[in-house]
Amino acid sequence: MPLAMLRQGETACIKEIIGGRTARGKLTDMGFVSGKTVKIHRSSGGPLIVGLGDNRIALGRGMAHKVIVNTGGCEN
Amino acid sequence: MALNKRERKTTELKVALAGNPNSGKTTMFNELTGSRQHVGNWPGVTVEKKTGRAFYQDYLLEVIDLPGTYSLGAYSEDEVVARDFLTTGDYDVVLNIINSANLDRNLYFTIQLLEMGVDLIAVLNMADEAEKKGIKIDKNKLSQLLGTPVVETVASRGRGIDNLLEQTVQNKNLAEASLKIDYGSEVEGLITEVVAVLKEYDFTDKINYRWAAVKLIEHDPEAVKLLEREVGVSKAKKIKSLIAERELKAEDDFDNLIIEKKYEFINKVIAESVQRPTEDQEPENMSDKIDAVVTNKYFGIPIFMLVMWGIFKFTFTVGDPLIGYIETFFEAAGSWIGSLLLGAGVSPLISSFITDGIIGGVGSVLVFIPNIFLLFLAIGVLEDSGYMSRAAYVMDKVMSKLGLHGKSFIPMIVGFGCNVPGVMATRTLDSKRDRIISILINPLMSCSARLPVYVIFAGTLFPNHASTVVFSLYALGIVMAVIMAGIFNKILFKGERSHFVMELPPYRFPTLKGVFIHMWEKVGAFLKKAGTIIFSVVVLIWVLANLPLGVEYASAQSLIGQFGQLVAPIFAPLGFGSWQAASSLVFGILAKEVVVGTLGVVYAAGEGGLRAALTANFSPLAAYSFLTMVLLYTPCIATLGAIKSETQSWKWTLITASYLFVLAWVTAFIIYQGGMLLGIGV
């Protein structure tokens, strides 16, 4: 499911990044790649605040729909 | 391989600093060169490349600080500056500044550079932060895996700098082969084929063929453009169709595959060279706790307003008494020097030049040093703390209604200091449309140059509500910016929404050194401005006030009086139709402080100085209307220059200059005429 649909506090594993070249490029540059664990620190209407390792990244809703995740953490 | 290195003396080195935003490049730059570039804790502090010099042993190092970038992809103007320099610039070594506490993402950029064949030293900066988190990096192992020298530093404390310089000099002729990542049999097969074709086509030998092939397989638009330029469109097409054909056959997106392999490689490197604490559940850190409050859905915006209010309250309550002292000093100095000069038999003209012109004009601007000082102190703390990007985050709610996103708010905050860097800060926005709108509204952010005008008027005519009046002007500026952004969004551009991704760096406690550097730089710039442009304009006005020869100083018959009278009718419906006010506004376009400087010169003849003259010539309502005009009207020439160079267009520059004048006039008209009707402040 898209990252945008997770609730605050939930953790998920990135499965793939979809969307156009620019959007995908920007996401992968910031470290959104398959196999990484993401945590939703804030989801309250506006952009999300996502925890990716030690980084905190504000992510617009549109962008968050391009990150496809599996709920629950990544293996290992 | 040095990509585009030019001949230079063997003891001269060109060294570029490159890396992710917030990895400490500018701090490193300051450490290396002893210069004092502004460091902030938000992505996008550096938007253009800056050059400085460092000396080590017999070597002269030219150090270039590049804007931060996450990759060579380059989506915004500042990243393009960095990318273009790295791919085509002239340098010997790149110091790739890496945030040690955030190795995996930083290495993504590092390996891109290494693949390209850039000679680089991997600088593990912020080593102390990594240590604090219990991250242990095996430097030798990492160096071996990346095939490039690795140095550990803490730039903020000057740790490891000598070693870095030593390594830089030693590795000035790095000749390591470029990094090779195994992309899997399918992609590797294609790479070999593409490389063979590139060789056949005599592709430029300045570029690593393997890297070019990978970039082409990734469909990188820049690489495709380069290829077309080098070998011609028809041959380029052949290569493109070869790639497309293989991709179709493999039923896979090769560019995705390449990215995955890159991260796989990084994961392997990290697994072999980095030890992280094993605890599964990392304790919630301080930054997250602060964020839980300041980014709250309901409290976020009020907290931001409170922060801004706090800044202005601080600027005024602490600054006000100081202004009083300086004002008294200049008044006393003026009359003392005046009598001294007269006593010494100096001609009254020269005496008037010094007391009315210089002290009355430049002095009336210099009085506001304390405010400027305090305002930049507060902004410095705000920038260094990391709150800037949080403010941008909470304002996204408002900005998104205008078709912009939160990131566009950062240039607006920068504009509170000065609109020139504010306009330049829009480079971090990746959509052209967002950039233009942000540039058009930036002058509405009330800059520090307008502060002297507010303070003198508010302090004189609203002595009991001075800070409220000033704050209301700042707020009015923001409201107007929001309205105008909404209008531009509707009429000028449609569609093309950009992608909102913004890093929220961890909070840092602002260092005294950092904040003071920032403040000195700004106060220094203010003093320089006072000594150059403000001084010259004030002298010009004093001369105009004395011409034609024999005219009564600063009278309506003087040249400045005649000029003012010519323009004054435009402003009469706004409540300030005097020639003095009119000419101050016209000259204020040269620099906004000049509004006060002009009034200082032309009213200097009166008893009791500028304040008494203002009380005699402005009603509170007219004063407020005047301040609105100063807030909103045509930006100063420096800002217009920045708009011209950033938009590369006279059209946008003229649109900004004129729409702001109209907006200012209409707003001041409504305030003055409305106030007259209601009988407020007349």
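An account of the accompanying structure is given in this report.

About the cut-offs
Residues numbered from 1 in each chain as written. Chains lettered and ligands numbered in written order. Predicted model: local features only at pLDDT ≥ 70, side-chain atom pairs only at ≥ 80, totals over all residues. Helix = DSSP H or I, 4+ residues; strand = E, 2+ residues; numbered from the N terminus. Rg over C-alpha atoms; globule rule 2.2 N^0.38 Å. Buried ≥ 20, exposed ≤ 12 C-beta atoms within 10 Å, placed from the backbone. Contact = placed C-beta atoms within 7 Å. Pairing = 2+ DSSP bridges. Axes fitted to C-alpha atoms, helices over the stretch in contact; angles between N-to-C directions. Nonpolar A, V, L, I, M, F, W, Y, C, P; charged D, E, K, R; others polar. Parallel < 35°, antiparallel > 145°, perpendicular 65-115°, else oblique. Left-handed = near helix turned anticlockwise from the far one by under 90°. Expected span 1.5 Å × (residues − 1). Arc of directions from axis to C-beta.

## Some details on the overall build of chain A
Here is step 1 of the chain: A tally of regular secondary structure across chain A gives two helices and five strands.
Here is step 2 of the chain: Beginning at the N terminus, the succession of helices and strands in chain A can be written as β-α-β-β-β-α-β.
Here is step 3 of the chain: A compact globule built from 76 residues would reach a C-alpha radius of gyration of about 11 Å, and chain A, at 11 Å, matches this within 12%.
Here is step 4 of the chain: Oriented by its inertia axes, the alpha-carbon framework of chain A measures out at about 30 × 30 × 25 Å.
Here is step 5 of the chain: Evaluated residue by residue, chain A yields a buried proportion of 49% over its 76 residues.
Here is step 6 of the chain: When contacts within chain A are restricted to residue pairs at least 6 apart in sequence, those whose partners lie at least 24 apart make up 61%.

## As for the pairing of strand 4 (residues 55–59) of chain A
Here is step 1 of the chain: With respect to burial, strand 4 of chain A is a largely interior element, four of its five residues being buried.
Here is step 2 of the chain: For strand 3 (residues 48–52) of chain A and strand 4 of chain A, the ladder comprises five bridges, and the chain directions are antiparallel. Following the sheet pairing, A:Gly51 is matched in strand 4 of chain A by A:Arg56.
Here is step 3 of the chain: Hairpin geometry of strand 3 of chain A and strand 4 of chain A is characterised by an intervening segment of two residues between the two adjacent antiparallel strands and by a positive phi of about 60° at A:Gly53.
Here is step 4 of the chain: Pairing geometry for strand 4 of chain A and strand 9 (residues 501–503) of chain B, over three bridges, is antiparallel. Pairing of A:Leu59 across the sheet is with B:Val501, part of strand 9 of chain B.

## Comments concerning the sheet that holds strand 2 (residues 37–42) of chain A
Backbone-to-backbone hydrogen bonds join strands into a sheet, with any given pair of strands oriented parallel or antiparallel.
Here is step 1 of the chain: Judged by pairing direction, the sheet is antiparallel, and its six strands sit side by side in the order 5(A)-1(A)-2(A)-3(A)-4(A)-9(B) without closing on themselves. Bordering the open sheet on either side are strand 5 (67–71) of chain A together with strand 9 of chain B, each of which pairs with just one other strand. In this sheet, adjacent strand axes meet at a mean angle of 40° when their direction is disregarded.
Here is step 2 of the chain: In terms of strand pairing, strand 1 (residues 11–17) of chain A meets strand 5 of chain A through five bridges, oriented antiparallel. For A:Ile14, the partnering residue across the bridge sits in strand 5 of chain A and is A:Val69.

## Details of the interface of chain A and chain B
Here is step 1 of the chain: With 28 residues of chain A at the contact, the number on the chain B side is 28 residues.
Here is step 2 of the chain: Broken down by secondary-structure element, the contributors of at least two residues to the side of chain A that touches chain B are helix 1 (21–29), strand 2, strand 4 and helix 2 (61–64) of chain A.
Here is step 3 of the chain: The dominant element in the side of chain A that touches chain B, judged by the number of residues it contributes, is helix 1 of chain A, at seven residues.
Here is step 4 of the chain: Across the side of chain A that touches chain B, the residue classes break down as ten nonpolar, 13 polar and five charged.

## Observations regarding the packing of helix 9 (residues 221–231) of chain B against helix 10 (residues 233–250) of chain B
All names here are of chain B.
Here is step 1 of the chain: Across the interface, helix 9 lies against helix 10 with an axial gap of 7 Å and an inter-helix angle of 135°. One way to sum up the angle between helix 9 and helix 10 is to call them oblique. Relative to helix 10, helix 9 is oriented so that their crossing is right-handed. Contact with helix 9, carried on its side by Val224, Leu227, Glu228 and Val231, involves Val233, Lys235, Ala236 and Ile239 of helix 10 and no other residues of that element.
Here is step 2 of the chain: Residue classes in the contact of helix 9 with helix 10 are distributed as six nonpolar, no polar and two charged.

## Re the environment of B:Arg105
Here is step 1 of the chain: Mapping B:Arg105 onto the fold places it in helix 3 (residues 103–116).
Here is step 2 of the chain: In this structure B:Arg105 comes out as buried when scored by C-beta crowding, with 26 C-beta atoms within 10 Å.
Here is step 3 of the chain: Considered as a pair, B:Arg105 and B:Asn22 are 83 residues apart in the sequence and their alpha carbons are 12 Å apart.
Here is step 4 of the chain: Beyond its immediate chain neighbours, meaning those up to four positions away, B:Arg105 contacts A:Gly31, A:Asn55 and B:Asn20.

## Some remarks on unusual backbone geometry
Residue and element names in this part refer to chain B.
Here is step 1 of the chain: A cis amide bond links Leu547 to the next residue, Pro548, at an omega of -10°.
Here is step 2 of the chain: Inspection of the secondary structure assignment puts Pro548 in the loop between helix 22 (512–546) and helix 23 (559–571).
Here is step 3 of the chain: Even without being a glycine, His219 presents a positive backbone phi close to 60°.
Here is step 4 of the chain: Along the polypeptide, His219 turns up in the loop between helix 8 (209–217) and helix 9.
Here is step 5 of the chain: You can call His219 partly exposed: it has 16 C-beta atoms within 10 Å.
Here is step 6 of the chain: Even without being a glycine, Gln648 presents a positive backbone phi close to 55°.

## As for the sheet that holds strand 7 (residues 150–152) of chain B
Residue and element names in this part refer to chain B.
Here is step 1 of the chain: Spatially, the six strands line up as an open sheet ordered 2-3-1-4-5-7, and their pairing is mixed. With partners counted over all chains shown, the strands left at the sheet margins are strand 2 (50–56) and strand 7, one partner each. Averaged over all adjacent pairs, the angle separating strand axes in this sheet is 25°, with direction ignored.
Here is step 2 of the chain: Here strand 1 (residues 12–19) pairs with strand 3 (residues 59–65) via six bridges, running parallel. Across the sheet, residue Lys14 finds its bridge partner in strand 3, namely Glu62.

## Here we look at helix 2 (residues 77–88) of chain B
Residue and element names in this part refer to chain B.
Here is step 1 of the chain: For helix 2, built from twelve residues, the straight-helix expectation of 16 Å at 1.5 Å per residue is met to within 8% by its first-to-last C-alpha distance of 16 Å.
Here is step 2 of the chain: Taken together, the buried positions of helix 2 are Asp78, Glu79, Ala82, Arg83 and Leu86. All buried residues of helix 2 fall inside an arc of 130° around its axis, so they share one side.
Here is step 3 of the chain: Here the buried face of helix 2 lies against strand 1, strand 4 (93–99) and helix 3.

## Digging into the environment of B:Ile161
Residues and elements named next belong to chain B.
Here is step 1 of the chain: Looking at the element boundaries, Ile161 is found in helix 6 (residues 161–170).
Here is step 2 of the chain: Residues Ile161 and Val151, ten residues apart in the sequence, show an inter-C-alpha distance of 9.3 Å.
Here is step 3 of the chain: In this structure Ile161 touches Glu31, Leu32 and Thr153, once residues within four positions along its chain are discounted.

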